[in-house]
Amino acid sequence: IGHISGCHLNPAVTIGQIIAKRFPAKEALPYIAAQVVGGIIGGGLIYMIAQGVKGFSIDSDQAGAFATNGFGDHSPGGYSLLACLVAEIVLTFIFLMIILGATDSRAAAGFAPIAIGLGLTLIHLISIPITNTSVNPARSTAMAVFTGGAPLSQVWLFWLAPIIGGAIAGVVYPAIAGRN
């Protein structure tokens, strides 16, 4: 769907692209709304499938329940709020730097999906034990909606940190690579 929408599935990416002057700010709200709605629809489909196994239940007090993100007692590894905030900011920054570099008009055509996909895989390997990996506020919101409880009360961090990381990358990439 890259040729249709730029493959904007993530509010942090959209905001980073706006700040990098690669996406029109006037289109942000409809894109972000669609990203969140799409995430919730996807989460609903996963929920429906998961209910198909005997014994399925969601315990919102369990760290990482239903792939939710969390900090403190709701972090898979018990990481603090500050540790999770820093991890999500840094990893989203790296993700956006990869996206901005791979989609730069000066980059080799056709390789962006490989760089972005491998980068996101590495980010997941690093951050699953810390926060259960957000770097995408729409995905975090979707799973928290179905889980409720603590994951829903902590989802603010998984909006704040990725947006900060994306915004920083939106400033840093053009500053070091120049505008394309």
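Residues numbered from 1 in each chain as written. Predicted model: local features only at pLDDT ≥ 70, side-chain atom pairs only at ≥ 80, totals over all residues. Heavy atoms only, no water.

Participant: Explain helix α6 (residues 137-147) here, please?
Facilitator: Counting buried positions along α6 yields eight of 11 residues, so the element is predominantly enclosed. Within α6 the residues assigned to the buried category are P137, A138, S140, T141, A142, M143, A144 and T147. Looking at the packing, one finds that the buried side of α6 touches α2 (11-19), α3 (28-50), α7 (149-154) and α8 (157-177). Put simply, N136 is the residue that caps the front of α6, since its side-chain oxygen is 2.9 Å from the backbone nitrogen of A138. Directly after α6, the chain includes G148, whose backbone phi takes a positive value near 70°. (Buried < 20%, exposed > 50% of the residue type's maximum accessible area, 1.4 Å probe, protein only. Helix = DSSP H or I, 4+ residues; strand = E, 2+ residues; numbered from the N terminus. Contact = heavy atoms within 4.5 Å. Polar contact = N/O pair within 3.5 Å; in protein donor to acceptor, adjacent residues only side chain to side chain.)

Participant: Even after reading the chapter, I still don't get unusual backbone geometry, so can you show me in this structure?
Facilitator: For residues that are not glycine, phi is negative in most cases, and the peptide bond is trans in most cases. Its identity is not glycine, yet K21 carries a phi of approximately 65°, on the positive side. Residue position: K21 is located in the loop between α2 and α3.

Participant: How should the environment of V171 be read in this particular structure?
Facilitator: Looking at where V171 falls in the secondary structure, it is placed in helix α8. When the C-alpha positions of V171 and I19 are compared, they lie 6.4 Å apart, and in sequence the two are 152 residues distant.

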